[in-house]
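Structural characterization, general
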Amino acid sequence: MRGREIIVWRRPRTIEPPPHTVLVQVDFEVFGDLQGVSFIQHAKEIADRIGVRGWIKLTYYGTVIGQVQGEKDRVDEMALWLRHTGCPRSRILYVDYQNWRVVDGFEYRKFNARV
């Protein structure tokens, strides 16, 4: 068997490029019964679980304002949570989303609760 080579044919590897991710940013204000129900803490936990960045703050008027940055599908998921779910004891009337825009990179390292 000397002099013979065994050739194994393999299918060529196709390297799929990573899907193109679009980073977006949105400002929001949540209206409703949000004080005294740990809305900020629940929102921070959900944002960390989803993987978005930004900040959230309770205002003097009883609303919650903030900004969310991340991949579009994750920001959409956070926006849906803010509008329809909220924390267990909150009652959300409506959410005002403003300044939806595509960004080049992240401005924040993580999602923070501001005082």
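A short tour of the structure in this document, coming up. Please read these numbers as outputs of a predicted model, since none were measured by experiment. (Residues numbered from 1 in each chain as written. Predicted model: local features only at pLDDT ≥ 70, side-chain atom pairs only at ≥ 80, totals over all residues. Heavy atoms only, no water.)

Our next topic: the overall build of the chain. Assigned secondary structure in the chain consists of two helices and five strands. Along the chain, helices and strands appear, N-terminal first, in the series β-α-β-β-α-β-β. The buried share of the chain, taken over its 115 residues, is 36%. The contacts of the chain with a sequence gap of at least 6 include a subset with a gap of at least 24, amounting to 77%. (Helix = DSSP H or I, 4+ residues; strand = E, 2+ residues; numbered from the N terminus. Buried < 20%, exposed > 50% of the residue type's maximum accessible area, 1.4 Å probe, protein only. Contact = heavy atoms within 4.5 Å.)

Moving on, we get to the environment of Phe28. Counting through the fold element by element, Phe28 comes out in strand 1 (residues 23–33). Counting along the chain gives 36 residues from Phe28 to Val64, while the straight-line C-alpha distance between them is 8.1 Å. When sequence neighbours within four positions are dropped, the list of residues in contact with Phe28 reads Trp55, Ile56, Val64, Ile65, Gly66, Gln67, Val68, Leu82, Val95, Asp96 and Tyr97.

Take the side chain of Gln25 next. Take Gln25: it is sitting in strand 1. Separated by 2.4 Å, the side chains of Gln25 and Gln69 make a polar contact. (Polar contact = N/O pair within 3.5 Å; in protein donor to acceptor, adjacent residues only side chain to side chain.)

Here we come to unusual backbone geometry. Negative phi characterises most residues that are not glycine, and trans characterises most peptide bonds. Positive phi values are uncommon outside glycine, yet Ser38 reaches one of about 60 degrees. Take Ser38: it is sitting in the loop between strand 1 and helix 1 (39–50). Positive phi is not limited to glycine here, since Asn99 has a value of about 60 degrees. Assignment of secondary structure puts Asn99 in strand 4 (residues 91–102). Judged by its relative accessible area of 46%, Asn99 falls in the partly exposed class.

For the rest of this paragraph, the subject is helix 2 (residues 72–85). Here helix 2 is 14 residues long and its end C-alpha atoms lie 19 Å apart, about the 20 Å a rise of 1.5 Å per residue gives. For helix 2, the elements touching its buried residues are strand 1, helix 1, strand 3 (64–71), strand 4 and strand 5 (111–113). Backbone geometry just after helix 2 places Gly86 at a positive phi near 65 degrees. (Expected span 1.5 Å × (residues − 1).)

This part takes up the nonpolar core. The biggest cluster of nonpolar side chains holds 24 residues, and the ones touching the most others in it are Phe28, Val30, Phe39, Ile56, Val64, Val68 and Met78. Contributions of two or more residues to this core are made by strand 1, helix 1, strand 3, helix 2 and strand 4. Top element by residues in this core is helix 1. It accounts for six residues. (Core = buried A, V, L, I, M, F, W, Y, C linked by side-chain atoms within 4.5 Å.)

Another aspect to go through is the sheet that holds strand 2 (residues 53–58). Read across the open sheet, the five strands follow the order 4-1-3-2-5; overall the sheet is mixed. In this open sheet, the two strands that pair with only one neighbour each are strand 4 and strand 5. Ignoring strand direction, the axes of neighbouring strands in this sheet form an average angle of 20 degrees. Note that strand 1 and strand 4 share nine bridges and pair antiparallel. The residue of strand 4 that forms the bridge with Gly32 is Ile92. Contacts between helix 1 and the sheet are confined to strand 1, strand 2, strand 3, strand 4 and strand 5, with strand 5 contributing the most and set at about 170 degrees to the helix. Against the sheet, helix 2 touches strand 1, strand 3, strand 4 and strand 5, its axis set at about 160 degrees to strand 4. (Pairing = 2+ DSSP bridges. Axes fitted to C-alpha atoms, helices over the stretch in contact; angles between N-to-C directions.)

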